[in-house]
Amino acid sequence: MMHAALFSIAASSGLQLDRVEVIADDPGTYLTDEVPLLAARPGGTLLRGVAQVQPVLGWGEHFTLGLSLSSITPGLEVSTGTDGLGLLVAMPTRLGLPSGALIAATWRRGPLWADIGMRAASGATWHAPQYSDLRVAPTVGIGWVPGGARD
Amino acid sequence: MQQSLHRALGYPTRDDWVDEVDRLPIDDEPTGPLPGARGARKTISASPPTRGFRGHHPHRSSLGRCATVQEYPVGDHVPPPRLTPLTWTLAIGLVACVSACRRTSSRVAHRGGSAHWPENSRSAVEGSLASTWAAVGFDVFLTLDRVPVLHAQPFLDPALCRTVGDRPVDEIWLLETSFDALFAGYRCGGVADPRFPDAAVIEDTVVPLDELIFALEAIDPEDRPEIHLTAGFFPNVSHDPQTYAAEVLGRWALSELETPPVIVADLPLTLDAFRQDGHTRGMSVRTTLVWPRLPVAGGETAASLGHALAISMGVEDPVHALDASGADGIRLSPALATRTDSRRVAELADYVELGPVHRTAEIRGFSAWPVDAIVTSDPDQ
């Protein structure tokens, strides 16, 4: 419901779909934690895969907002142009509660978006908003860019 | 040319390596049996482990399934290794084998090992206690006359039980049925369990907890497995938790068994009742919280999706649930918990279990998670 509200707010405020991250940086554990269980429980792994797919809205030149079932991630992406390299800084949240931070180098070419970087993730929840278990790990994201979204 | 380049860069060459091997002393000391090999004597900890099951169950290792030992003849000259594609393939295969077969967690037999015999049955009690399994779990409910019986649901499971006249059972609630009526009128285990097609089909009466206690007393104390009892208290369809705890632990206290059972439940108030009752009897009862709590029958899918969403958004939290329950350990649902969850609760819990899981691939996959035990219907896997 919150996502639907955010989407409707986004639509009314000039936001547009920037990309869809098929492998998202947040929570960023799908490749390491879930994919190894694909053979063991394909249904569950696919559901977790769907839950982490992140449509990312963009407004202005640099600001983005990722909305998946797993997280809400505001970010700032600076790039050299429509195609080419860029830099992404984002703050993944769990229903608005910051759960970590992300910095990554991005790359765009046509419909392909990819990034590689480092993320600091914690298990902070609304019940226990603590960051003592913060872990830093590499992250990879792959996304699809609908034609001319940022043009 | 290559060797010259290596020498110029200061790396050992192939000839240097051969000379080094020739100078190595030959050690042909016989090696002893692998610790933890199948068949090794089982040791049960009489006191709660500080970090769960690690190191308490020597037969948990299954490395022997993959490991092969090959002796090479020792001669005057050892040929240098050649990294052919075959060598690479074998090396990668070995790494994959070790990774796949590495077993880092112990096993708890779910419902007495329901992959082998009917769950919570007399056959399960006898079979699991005759095995070398280090930990065995059963479910307990109270009948109308407060007799604890081994059964997984607060009602006779219509999928597994029939009347003595071989008719299907309807809604037979244990809370409304005396033990004598259960014993005289119903049989369970005589219907094949579609989840475990290889399990034996053996029709038998519902088993009272007393039989499990007697069977345990008949075993040498050192060979007794750790018993996990899932106390399935459900509000409105069960006796109150205090009665539950008194009937279960009271029987245990009267027995010769020194180690109390590990109590497993999905409601903190059930665990509280058992802890308090154990305290009054001078028993140190370990408790395990099942997380998250799912409905007993029907609605599991919708409930699971709701839990999954709440967990991913940080609204439900196993660390908070464990902390609030006061339990010693936690049993995570394999369908809902994430690897991150298991890592986080491991920092707080004395031990972390995950289960039940039944398929071999699942057991192997989850064994790589940071958990102390996998709850499974077939602990031999």
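Our structure's up above, just so we're on the same page.
Keep in mind that what you see is a predicted model, and the values were worked out from it rather than measured. (Residues numbered from 1 in each chain as written. Chains lettered and ligands numbered in written order. Predicted model: local features only at pLDDT ≥ 70, side-chain atom pairs only at ≥ 80, totals over all residues.)

Quick look at the overall build of chain A now. Secondary structure assignment for chain A yields three helices and 10 strands. Mapped from its N terminus to its C terminus, chain A presents α and β elements in the order α-β-α-α-β-β-β-β-β-β-β-β-β. Contacts in chain A between residues far apart in sequence, at least 24 positions, make up 48% of those at least 6 positions apart. (Helix = DSSP H or I, 4+ residues; strand = E, 2+ residues; numbered from the N terminus. Contact = placed C-beta atoms within 7 Å.)

Residue and element names in this part refer to chain B. Taking 1.5 Å per residue as the helical rise, helix 8 (residues 268-280) with its 13 residues ought to reach 18 Å, and the 18 Å between its terminal C-alpha atoms agrees with that figure. Every buried residue of helix 8 is accounted for by Thr270, Leu271, Ala273, Phe274, Arg275, Asp277 and Gly278. Close packing links the buried residues of helix 8 with strand 7 (226-231), helix 7 (241-254), strand 8 (262-265), strand 9 (287-291) and helix 10 (318-325). A positive phi of about 75 degrees marks Gly282, the residue just after helix 8. (Expected span 1.5 Å × (residues − 1). Buried ≥ 20, exposed ≤ 12 C-beta atoms within 10 Å, placed from the backbone.)

With that settled, consider the interface of chain A and chain B. Listed per partner, the contact involves 21 residues of chain A and 18 residues of chain B. Among the residues making up the side of chain A that touches chain B, the classes are represented as 11 nonpolar, six polar and four charged. (Nonpolar A, V, L, I, M, F, W, Y, C, P; charged D, E, K, R; others polar.)

This part takes up the pairing of strand 4 (residues 72-79) of chain A. It is a general feature of regular strands that their side chains alternate between the two faces of the sheet. Residues and elements named next belong to chain A. Where strand 3 (residues 63-67) meets strand 4, five bridges bridge the pair, whose relative direction is antiparallel. Of the residues in strand 4, the one forming a bridge with Gly66 is Thr73. Counting the residues that bridge the hairpin from strand 3 to strand 4 gives four residues. Taken together, the five bridges between strand 4 and strand 5 (residues 84-90) define a ladder with antiparallel strand orientation. Note that in strand 5 the partner of Leu76 across the bridge is Val89. Counted between consecutive antiparallel strands, the loop separating strand 4 from strand 5 contains four residues. (Pairing = 2+ DSSP bridges.)

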